[in-house]
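Here are the chains, one letter per residue:
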Amino acid sequence: MANEEDDPVVQEIDVYLAKSLAEKLYLFQYPVRPASMTYDDIPHLSAKIKPKQQKVELEMAIDTLNPNYCRSKGEQIALNVDGACADESSTYSSKLMDKQTFCSSQSTSNTARYAAALYRQGELHLTPLHGILQLRPSFSYLDKADAKHREREAANEAGDSSQDEAEEDVKQITVRFSRPESEQARQRRVQSYEFLQKKHAEEPWVHLHYYGLRDSRSEHERQYLLCQGSSGVENTELVKSPSEYLMMLMPPSPEEEKDKPVAPSNVLSMAQLRTLPLADQIKILMKNVKVMPFANLMSLLGPSIDSVAVLRGIQKVAMLVQGNWVVKSDILYPKDSSSPHSGVPAEVLCRGRDFVMWKFTQSRWVVRKEVAAVTKLCTEDVKDFLEHMAVVRINKGWEFILPYDGEFIKKHPDVVQRQHMLWSGIQAKLEKVYNLVKETLPKKPDGQSGPTGLVSGDQRVQVARSKAQQNHALLERELQRRKEQVRASTVLPGVRIKEEPVSEEGEEEEEQEAEDEEPMDTSLGGGLHSRLANGLPGGRAAGGDSFNGHPPPGCAGTPVARELRAFVEATFQRQFVLTLSELKRLFNLHLASLPPGHTLFSGISDRMLQDTVLAAGCKQILVPGPYIIVSSEEEKTSDVYTRMLRSREQEETRLTGLSLILFLLLDVRLWTFPPQTAASPDEQKVFALWESGDMSDQHRQVLLEIFSKNYRVRRNMIQSRLTQECGEDLSKQEVDKVLKDCCVSYGGMWYLKGTVQS
């Protein structure tokens, strides 16, 4: 109300709609002529129009007496166009280019929203425009000059031939009757450019009389721009309700009305959806969502819907996979459709997608290359199948998108049994079509009532933990036996055997490795050095809950923590990879730009900065470094440091198997090169943004895993690893982008930012 009082109504103007010239009023625009140079005072020689096409041609005189006019050029153009002989068909009767032609083109095909306005005596009169035309100079006279030139050349060639030659012999003529034109051929002919040009040329020109701006006839015609019935009684077009008036101002375009779907497709309107029959509701929902638990489907359909009816309808359009419903292939690929990527018919696509769904009834994981090898479909089609029902995991494959719904399996055993029978029939069909070997098919446990055959992640962890506990005693005995053998054997002179107790931290790491059931990385970069890389012990780096991604409790909600996290997130969105020292430098620059008294001036410790980085979705990258191996005796020699420098250009030494244990037991020490920077070990830690939400996340994660095992890598190795992990060939621009974000190049090798040795 306050704003309305501050902005009072100054004047009210009556608006009238004049329709006397509604079907005859055109707006002419001259886009190649400035507004200050009008054609009002230039004589108009002729004017003509094709009303259906809204095509206008105007002929205007050229001032040949103007000092800027080149008379010789005008005579040359007239000679080229008309030739030496002048007749009635000549374009330039004065043998001089004394006129030019303007041809129109439509500026817009929809002029329903445009009108010409005339304001007079406090009233505004609007007349709708019939057309908006842009007039440009026409150069058709050049085409006529080319035609004259070709005629002269043809006449000269005909004159050179002999006139005394005998007439040619009579030739036999074969008469052929054209076949009747089919409907498809007629449609192609009607839509062709040649037919449209011919049709446009058939419309006759209507010649017009041109009246100047200040002519009395023009003044008389301008009166029709005023509404004749100013009383307002006849102006019923403007006496509308607000909604009708708004519809007149912004009418829906014919294209929008034509393209509007009958049923919701990409964006579902729940109000419109619930007006449809139950079977159509289920079909539309499943076609859009692709995979859905039964509980979610019931919540979308509403509480008043009977679950028995929904179960009966869902089985017509979907199949049960791991307790969840996946839309049937023939719903997504109707009978007469084909692949947009390869043009494969719908029958082949349905068979390939059924194979993918059947694979997910056997396991939570599917490898795309295996599917492509069996189905013989292109990569894009297989990727479409998998994206409907799975998500890709790095180094593992495609995992089913939803967790196993055991509650539905227990609650509806009859539906599960029926679906199991359907899958058995599909499996038999797939075995026949794809020649699958039955011995290689995964076997289900006896007594299983449905296509479950799955082991959850928690069950796998429990099995791995039990195996680790069983093997722990055996590993302890093996280690003690090897120690006794080393003590009893003859050792090298001057080398003492150093025995240290095994830390609880090491035991926890061994149990964790046994639980993961992965082969031990025996390389120096992936094993020993991970304890000391970037100044962080390996035990803390491996503890995901207490380190990567979880700050200390109680500090995340303070204003200082929020400001610090905002700075860290913004910085890593730009830099992607930073050492702690570089991050501290950028933070100090950020502090210098803040006003005095800001909350960040309260003091930020390195520990708090590191925790904020990890809480912001970043991870510490344990980059290995070059090593040499020196025994305890060699430490005392004076040439050890010289040998270390001589080995600088060599790759790090790799230890495997028993050699690694023996080096530890014999007190052989691992030496790194001398530090190349004055930064502390904590400041040399390397942090990287793990997920930024863009398309390069997967590529960047693969690259960071490479650098967790190698401190420098060649480009061809990076590109081959990216291609292997991502399952498709990456372009040079994509590889360059991920390298530019995370790495620097030096001496033909690529290093992670902050780890290159000076």
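Structure: see above.
What counts and what doesn't
- Residues numbered from 1 in each chain as written.
- Predicted model: local features only at pLDDT ≥ 70, side-chain atom pairs only at ≥ 80, totals over all residues.
- Heavy atoms only, no water.
- Axes fitted to C-alpha atoms, helices over the stretch in contact; angles between N-to-C directions.
- Helix = DSSP H or I, 4+ residues; strand = E, 2+ residues; numbered from the N terminus.
- Parallel < 35°, antiparallel > 145°, perpendicular 65-115°, else oblique.
- Left-handed = near helix turned anticlockwise from the far one by under 90°.
- Contact = heavy atoms within 4.5 Å.
- Nonpolar A, V, L, I, M, F, W, Y, C, P; charged D, E, K, R; others polar.
- Patch = residues over 30% accessible without salt bridge, like charges linked within 9 Å, V, L, I, M, F, W, Y side chains within 5 Å.
- Areas by Shrake-Rupley, 256 points an atom, 1.4 Å probe, with all protein chains shown as cover.
- Salt bridge = Lys/Arg side-chain N within 4 Å of Asp/Glu carboxyl O.
- Buried < 20%, exposed > 50% of the residue type's maximum accessible area, 1.4 Å probe, protein only.
- Pairing = 2+ DSSP bridges.
- Core = buried A, V, L, I, M, F, W, Y, C linked by side-chain atoms within 4.5 Å.

We now examine the packing of helix α14 (residues 346–362) against helix α18 (residues 413–434). Remark: α14 packs on α18, axes separated minimally by 10 Å, with the N-to-C direction vectors making an angle of 120 degrees. Comparing the axis directions of α14 and α18 gives the class oblique. The two elements α14 and α18 meet at a crossing, and its hand is left-handed. Across the interface between the two elements, R351, G352, D354, F355, M357, W358 and T361 from α14 touch W423, I426, Q427, L430, V433 and Y434 from α18. For the contact of α14 with α18, the per-class residue count stands at eight nonpolar, three polar and two charged.

Here the focus is a nonpolar patch on the surface. A cluster of nonpolar side chains, contributed by Y245, L246, M248, L249 and M250, occupies part of the molecular surface with about 500 Å² of accessible area. Looking at the secondary structure, you find L246 in helix α7 (residues 242–249).

Turning to unusual backbone geometry, a few remarks are in order. Positive phi values are uncommon outside glycine, yet K290 reaches one of about 75 degrees. Here K290 lies in the loop between α10 (278–289) and β10 (291–292). A relative accessible area of 18% places K290 in the buried class. Within the chain, K376 stands out as a residue other than glycine whose phi angle is a positive 60 degrees. Take K376: it is sitting in the loop between α15 (368–375) and α16 (379–389). We classify K376 as exposed; its relative accessible area is 66%.

Bringing the sheet that holds strand β23 (residues 749–752) into the picture now. The three strands are arranged β21-β23-β22 in an open sheet whose pairing can be described as antiparallel. At either end of the open sheet lies a strand with only one pairing partner, and these are β21 (712–713) and β22 (743–746). Packing against the sheet, helix α27 (residues 697–707) makes contact with β21, β22 and β23, and its axis sits at approximately 95 degrees to β23. In the packing of helix α29 (residues 732–742) onto the sheet, contacts are made with β22 and β23, and the angle to β22 comes to roughly 95 degrees.

For any two helices packed against each other, one specifies the inter-axial angle together with the distance between the axes. At a minimum axis distance of 10 Å, the contact between α15 and α16 shows a crossing angle of 120 degrees. By the angle class used here, α15 and α16 are oblique. In the crossing of α15 with α16, the sense of the turn from one axis to the other is right-handed. Here R368, V371, A372 and T375 of α15 lie close against α16, whose contacting residues are T379, V382 and L386. For the contact of α15 with α16, the residue count by class is four nonpolar, two polar and one charged.

Take the sheet that holds β10 next. Hydrogen bonds along the backbone pair up the strands of a sheet, which may run parallel or antiparallel. With antiparallel pairing, the three strands of this open sheet are ordered in space as β10-β12-β11. The sheet is open, and its two edges are formed by β10 and β11 (318–321), each paired on a single side. Sheet topology note: the β11/strand β12 (residues 324–327) ladder contains four bridges and is antiparallel. Paired with V321 across the bridge in β12 is N324. The sheet contacts of α14 involve β11 and β12, and relative to β11 the element is tilted by about 30 degrees. Lying on the sheet, α18 is in contact with β11 and β12; it crosses β11 at an angle near 100 degrees.

Looking now at the pairing of strand β3 (residues 44–50). Working note: regular strand, side chains alternate between the two faces of the sheet. Pairing analysis gives six bridges linking β3 to strand β4 (residues 55–61), with the strands arranged antiparallel. Following the sheet pairing, K48 is matched in β4 by E57. With antiparallel pairing between neighbouring strands as the criterion, β3 and β4 make up a hairpin whose turn holds four residues, including Q54 at a positive phi of roughly 55 degrees.

Attention now moves to the nonpolar core. Core analysis: the largest hydrophobic core is formed by 54 residues, its most contacted members being M286, I314, W325, F360, M389 and F400. Considering each element in turn, this core owes the most residues, eight residues, to α14. Beyond its immediate stretch of four places on either side in the chain, I314 contacts I282, M286, L297 and W325.

Turning our eyes to something else, we now look at the pattern of salt bridges. The tally for this structure, following the rule as stated, stands at 18 salt bridges. One salt bridge in this structure joins E399 and R364, with 3.5 Å as the shortest N-O distance. Of this pair, E399 sits in strand β15 (residues 397–400) while R364 sits in the loop between α14 and β13 (365–366), and the two are 35 residues apart along the sequence. Grouping residues by exposure puts E399 and R364 together as buried. The shortest N-O distance in the salt bridge between D736 and K732 comes to 2.8 Å. Residue D736 and its partner K732 are both found in helix α29; the two are separated by four residues, about one turn of the helix. Each of the salt bridges in this network shares a partner with another, and the network as a whole consists of R364, R393 and E399.

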